[in-house]
Amino acid sequence: MLYHSTRSLEPRVDSAQAVLEGLAPDGGLFVPEEIPYININTCLRESTMGMANRIISAMLPEILDMPTLVEKAYRGKFQTEELTPTVKAGDFTVLELFRGPTSAFKDVALCMLPQLLTKAREQKGMTDEVLILTATSGDTGKAALAGFADVPGVGICVFYPDGGVSAVQRAQMVTQEGSNVAVCAVRGNFDDAQTGVKNLFAAAENGKLPGDSRSLSTANSINIGRLAPQITYYFKAYSDLLRRGEIQMGDKVNFSVPTGNFGDILAGYLAKRLGLPVGMLICASNANNVLTDFIRTGTYDRRRPLHKTISPSMDILVSSNLERLLYFMSDGDTALVAELMKKLSTEGSYQVPAQLHQKIQNEFWAGYCDDEKASATIRSAWEKTGYLCDPHTAAGWAVAEQYRAETGDMAPMVVLSTASPYKFPGAVLKALAEPESADEFLQMEQLSKLTGVPVPENLSGLQEKTERHTDVIEKTQMLSYVKEKK
Ligand SMILES: *Cc1c(COP(=O)(O)O)cnc(C)c1O
């Protein structure tokens with residue numbers, strides 16, 4: 001199946017090449033020429049790994065040996081063979097995406113991406129090593145490190161803002177083992193680290209840094225190899241509801257998705273296009289509510305301050321994957337997408353045509369939840385249903401409640417849970433009780449004592465682990481750092 005850019009019908013590459021390249025040469029994102037066919041009934045009867053195999057094979061048909069890749073990616077790495085279990089919590093079904101090796105939903109995609117990338121590399125006869133460069137505000141870095149650690153033919157270098165990630169997130173990254181990993185703090189904020197990485201890509205010629213043989217790539221969610229594995233858990237949630245007799249085949253199910261870069265919720269839209277009976281896709285934001293405004297008004301305007309919130313993975317003003325939605329919803333109008341993206345970069349805003357806006361509103365509903373509301377939701381969800389959510393999940397929960405109150409649509413609601421509460425123990429604890437300590441690891445213990453919810457194994461032993469990556473550099477030193485770390 002051929003892929004091309006969201007901004008033109010070029011280049012036409014197969015799915016393996018699209019995974020290798022990540023981003024199209026014109027700056028657009030890769031999209032498939034057509035939506036593939038899958039047999040929904042057969043797919044829904046499979047195990048989660050069986051579903052992953054069918055769905056990822058359909059999306060990326062040129063990547064061979066998919067059952068083996070899926071096995072290698074997931075078997076034994078998650079807390080359960082189901083990978084992404086669902087739990088009843090009051091009137092909602094919570095889809096838990098954080099049962100993977102780093103307790104973040106990004107594990108679902110970042111366990112799979114290294115398998116897809118190395119297979120694509122092998123099939124294309126690439127001999128050069130691939131170097132993954134990533135800037136992280138916390139969650140992506142660790143999930144990418146865990147996914148790529150000791151993967152042959154690939155190296156990974158993660159930059160995070162010095163003092164700009166939580167103590168838990170820092171500990172997760174600096175204790176990472178593996179012979180091919182580098183982790184480094186950059187003096188500055190997340191934007192500085194991200195701009196630094198973008199500058200490295202800009203300094204590359206033919207995808208390589210001057211005097212360096214490695215081909216640069218990214219683990220960012222713009223890669224189609226990250227998006228495809230995320231479609232699976234929408235099917236998994238639907239099949240759970242079917243199996244429990246809560247719905248009949250064909251019944252519509254709504255999904256509420258804590259949204260940042262729009263990758264997670266776009267996977268839900270693709271699940272719908274593949275034929276899954278998805279009802280409304282509910283886009284939940286925090287105080288950075290640029291997507292709420294867009295879906296409600298049709299105008300995207302990034303010219304606003306970025307708020308630091310208790311759900312940092314959603315602190316985003318430019319949601320990259322929205323570009324793919326504009327492509328699909330405009331029936332593949334690449335000229336329009338190119339024009340809108342140009343406006344976004346030169347003017348900081350764009351408005352979509354009324355008809356396109358209407359189409360988006362038929363499928364998506366949006367709302368947002370500030371920190372105060374998120375705290376109140378963590379508390380009320382815990383008190384009313386006994387479910388302990390992290391601040392990102394709380395946003396999804398609160399906006400799902402808002403959707404029902406405003407629309408009266410009481411169709412079954414699945415709330416996507418994107419992080420373990422123990423990744424953000426301070427904020428979760430504060431919502432429930434007075435913290436006894438400012439130390440995040442002691443807060444974890446206090447939270448566990450208070451709620452009886454166990455700390456995930458990968459987080460509980462972190463303080464005792466050896467710190468392996470203690471480098472701190474200036475942003476001007478990133479290039480020399482990458483070249484030295486071989
Ligand atoms: C990345 C992330 C999100 C946002 O997902 P997108 O695909 O970027 O929309 C939400 N919650 C958590 C915990 C995350 O790590």
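What you see is a predicted model, and the numbers here were worked out from it, not measured in a lab.

K.L.:
Looking at this model, I keep getting lost on the sheet that holds strand β2 (residues 13–14). Mind explaining?
P.N.:
Consider a sheet: its strands pair through backbone hydrogen bonds, and that pairing is either parallel or antiparallel. Across the sheet, which stays open at both edges, the 3 strands sit in the order β2-β1-β3 with antiparallel pairing between neighbours. Because the sheet does not close on itself, it has two edges, and the strands there are β2 and β3 (30–32). In this structure, strand β1 (residues 2–5) lies alongside β2, joined through 2 bridges in antiparallel fashion. In the sheet register, Tyr-3 faces β2, and the bridge partner there is Val-13. Docked against the sheet, helix α13 (residues 322–329) engages β1 and β3, running at close to 35° with respect to β3.

K.L.:
So what exactly am I meant to see when it comes to the packing of aromatic side chains here?
P.N.:
Within a pair of aromatic rings, the relevant descriptors are the distance that separates the centres and the angle that separates the planes. Applying the stated criterion to the full structure yields 14 aromatic pairs. With a centroid separation of 6.1 Å and an interplanar angle of 35°, the aromatic rings of Tyr-269 and Phe-364 are classed as tilted. Pair noted here: Tyr-269 is in helix α11 (residues 263–273) and Phe-364 is in strand β14 (residues 364–368), with a separation of 95 residues, a long-range link. Grouping residues by exposure puts Tyr-269 and Phe-364 together as buried. Chaining the aromatic ring pairs together yields one cluster made of Phe-262, Tyr-269, Tyr-327, Phe-328 and Phe-364. The lysine or arginine in question, Arg-296, covers the ring of Trp-365, its NZ or CZ lying 5.3 Å from the ring centre.

K.L.:
I keep staring at empty space enclosed by the protein and nothing clicks. Help me out?
P.N.:
To find leftover empty space, one rolls a probe the size of a water molecule over the atoms. With the rule as written, the count across this model stands at 2 cavities of 30 Å³ or more. Taken together, Thr-48, Ala-52, Tyr-74, Leu-83, Thr-84, Val-108, Pro-229, Thr-232 and Tyr-233 make up the lining of the largest cavity. Secondary-structure elements contributing two or more residues to the lining of the largest cavity are α3 (48–59) and α10 (224–243). If you tally residues by element for the lining of the largest cavity, the top one is α10, at 3 residues. Looking at the lining of the largest cavity residue by residue, the classes come out as 6 nonpolar, 3 polar and no charged. Lining the second largest cavity, in full, are Thr-259, Gly-260, Ser-285, Asn-288, Val-290, Leu-291, Met-314, Ile-316 and Ser-319. Classifying every residue of the lining of the second largest cavity by side-chain character gives 4 nonpolar, 5 polar and no charged.

K.L.:
What am I meant to see in the layout of surface pockets here?
P.N.:
The computed volume of the second largest pocket comes to approximately 260 Å³. Forming the walls of the second largest pocket are 14 residues, and the residues nearest its centre are Lys-142, Thr-175, Gln-176, Glu-177 and Lys-465. The set of elements that each furnish at least two residues to the lining of the second largest pocket consists of α7 (139–148) and α20 (457–460). Split by residue class, the lining of the second largest pocket holds 4 nonpolar, 6 polar and 4 charged.

K.L.:
What is the right way to look at the site of the ligand in this model?
P.N.:
In the neighbourhood of the ligand, 14 residues make up the surrounding shell, with Lys-106, Gly-260, Asn-261, Asp-264 and Thr-418 lying closest. In the model, an oxygen atom of the ligand is placed 3.1 Å from a nitrogen or oxygen of the Asp-139 side chain. The contact in question runs from an oxygen atom of the ligand to an N or O atom on the backbone of Gly-263, over 3.2 Å. Within the shell around the ligand, the residues separate by chemical class into 4 nonpolar, 7 polar and 3 charged.

Rules used in this analysis
- Residues numbered from 1 in each chain as written.
- Predicted model: local features only at pLDDT ≥ 70, side-chain atom pairs only at ≥ 80, totals over all residues.
- Heavy atoms only, no water.
- Pairing = 2+ DSSP bridges.
- Helix = DSSP H or I, 4+ residues; strand = E, 2+ residues; numbered from the N terminus.
- Contact = heavy atoms within 4.5 Å.
- Axes fitted to C-alpha atoms, helices over the stretch in contact; angles between N-to-C directions.
- Phe/Tyr/Trp six-rings, centres within 6.5 Å; stacked < 30°, edge-to-face > 60°.
- Buried < 20%, exposed > 50% of the residue type's maximum accessible area, 1.4 Å probe, protein only.
- Lys NZ or Arg CZ within 6 Å of the ring centre and 35° of its normal.
- 1 Å grid on protein atoms, 1.4 Å probe; cavity = no way out; pocket = protein on both sides within 12 Å on 5 of 7 lines; lining within 4 Å.
- Points joined across faces, edges and corners; volume = space filled by probe spheres on them.
- Nonpolar A, V, L, I, M, F, W, Y, C, P; charged D, E, K, R; others polar.
- Near = heavy atom within 4 Å.
- Polar contact = N/O pair within 3.5 Å; in protein donor to acceptor, adjacent residues only side chain to side chain.

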